[in-house]
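Below are the chains, spelled out letter by letter.
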Amino acid sequence: MAAKTKIKISDDMELRKVLDDEYENSSQIKLCRYALLLAEHILKTIDYHDADSLAIKAGFAINESWQKGNARMHHVRQAGFQIHRLAKSSQDMVIRMALRAVEQAVAAGHAREHAMVSSDYADRVINLLFPNDMAAVRRERMWPVERLKSIEDPVILRILLCRRSSVKRVSS
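Cut-offs applied
Residues numbered from 1 in each chain as written. Predicted model: local features only at pLDDT ≥ 70, side-chain atom pairs only at ≥ 80, totals over all residues. Heavy atoms only, no water. Salt bridge = Lys/Arg side-chain N within 4 Å of Asp/Glu carboxyl O. Helix = DSSP H or I, 4+ residues; strand = E, 2+ residues; numbered from the N terminus. Buried < 20%, exposed > 50% of the residue type's maximum accessible area, 1.4 Å probe, protein only. Expected span 1.5 Å × (residues − 1). Contact = heavy atoms within 4.5 Å. Polar contact = N/O pair within 3.5 Å; in protein donor to acceptor, adjacent residues only side chain to side chain. Axes fitted to C-alpha atoms, helices over the stretch in contact; angles between N-to-C directions. Left-handed = near helix turned anticlockwise from the far one by under 90°. Nonpolar A, V, L, I, M, F, W, Y, C, P; charged D, E, K, R; others polar. Parallel < 35°, antiparallel > 145°, perpendicular 65-115°, else oblique. Phe/Tyr/Trp six-rings, centres within 6.5 Å; stacked < 30°, edge-to-face > 60°. Lys NZ or Arg CZ within 6 Å of the ring centre and 35° of its normal.

**Some thoughts on the pattern of salt bridges**
(1) Moving on: Evaluation of the coordinates by the stated rule reveals eight salt bridges.
(2) Moving on: Where Arg16 meets Asp120, a salt bridge forms, and the shortest distance between an N and an O atom there is 2.7 Å. Placement of the pair is Arg16 in helix α1 (residues 13–24) and Asp120 in helix α6 (residues 113–129), with a sequence separation of 104 residues.
(3) Moving on: Among the residues examined, Arg16 registers a relative accessible area of 4% and is labelled buried.
(4) Moving on: Notably, a salt bridge pairs Asp120 with Arg141, separated by 3.0 Å at the nearest N-O pair. With Asp120 in helix α6 and Arg141 in helix α7 (residues 134–150), this pair connects stretches of sequence that are 21 residues apart.

Next comes the structure, spelled out in structure tokens:
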């Protein structure tokens, strides 16, 4: 089932469907890895001057720690809230939307749906930077599609390795 867009964006719906299909077949850990890459990408796109802020660095670190099983959901949520406050304090709409993309990326450790919302906020940034430019939207929407497809899914790899070892034990 396609994830609904939670914010108003101008989008290439065919590419969003491709992204959504890949999203549906990805583990939450893969989506976290993708979302953090997307967050870094959108901050570079807008040339954000404070990408090393404590809230952003801590959010990335907590999400990465959660992926390894070393952080609680509470910590992931709190990190997202810190970035939300940072976004809310910005007067610049482009920066605010980019920080919302980062916030949602960090929150992907809390709920997988946040990865897709992060992508939508990144798309909103492009809408603001290039109003009514569907070519820019398509170019930017290709980035997450290609990136998500390129990330190996550690959960799927573990399942495949477990199945192989089970088959070897049975046939031995």
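**Considerations on α1**
(1) Moving on: Taking 1.5 Å of rise per residue, the 12 residues of α1 would be expected to cover 16 Å, and the 16 Å separating its terminal C-alpha atoms lies within 8% of that figure.
(2) Moving on: The inward-facing, buried residues of α1 contact α2 (28–45), α6 and α7.
(3) Moving on: Sitting at the amino-terminal end of α1 is Asp12, which places a side-chain oxygen 3.1 Å from the backbone nitrogen of Glu14.

**Details of the environment of Ala39**
(1) Moving on: Counting through the fold element by element, Ala39 comes out in helix α2.
(2) Moving on: Through-space distance from the C-alpha of Ala39 to that of Phe60 is 9.4 Å; in sequence the pair is 21 residues apart.
(3) Moving on: Leaving out residues up to four positions away in the same chain, Ala39 has contacts with Phe60, Val102 and Ala105.

**Section: the packing of α2 against α7**
(1) Moving on: Packing of α2 against α7 leaves a shortest axis separation of 10 Å and a crossing angle of 145°. By crossing handedness, the relation of α2 to α7 is classed as right-handed. In this structure, α2 contributes Lys30, Leu31, Tyr34, Leu37, Leu38, His41 and Ile42 to the contact, and α7 contributes Glu140, Trp143, Pro144, Arg147 and Leu148.
(2) Moving on: Tallied by class, the residues present in the contact of α2 with α7 amount to eight nonpolar, one polar and three charged.

**A closer look at the packing of helix α3 (residues 54–67) against helix α4 (residues 73–89)**
(1) Moving on: Where α3 meets α4, the axes come as close as 9 Å, and the angle between the chain directions of the two elements is 155°. Accordingly, the angle class assigned to the pair α3 and α4 is roughly antiparallel. Where α3 crosses over α4, the handedness of that crossing is left-handed. Together, Ala55, Ile56, Gly59, Ile62 and Trp66 of α3 and Met73, His75, Val76, Ala79, Gln82, Ile83 and Leu86 of α4 make up the contact between the two elements.
(2) Moving on: Taken together, the residues that form the contact of α3 with α4 break down as nine nonpolar, three polar and no charged.

**What about the packing of aromatic side chains?**
(1) Moving on: One pass over the full model with this rule turns up zero aromatic pairs.
(2) Moving on: Lying over the aromatic face of Tyr23, Arg112 brings its terminal NZ or CZ to 4.9 Å of the ring centre.

**Observations regarding unusual backbone geometry**
(1) Moving on: One non-glycine residue, Asp47, lies in the positive phi region at around 55°.
(2) Moving on: Tracing the chain through its elements places Asp47 in the loop between α2 and α3.
(3) Moving on: A positive phi is found at Asn132, a non-glycine position, where the angle reads about 60°.

**Some points on the side chain of Gln67**
(1) Moving on: Following the sequence through the fold, Gln67 ends up in helix α3.
(2) Moving on: Residue classification places Gln67 among the buried positions, given a relative accessible area of 13%.
(3) Moving on: Within the local environment of Gln67, its side chain forms a polar contact with the side chain of Arg33, the two groups lying 3.2 Å apart.
(4) Moving on: Within the structure, Gln67 has its side chain in polar contact with the side chain of Asn63 (distance 2.7 Å).
(5) Moving on: Apart from residues no more than four positions distant in its own chain, Gln67 is found in contact with Ile29, Cys32, Arg33 and Leu36.

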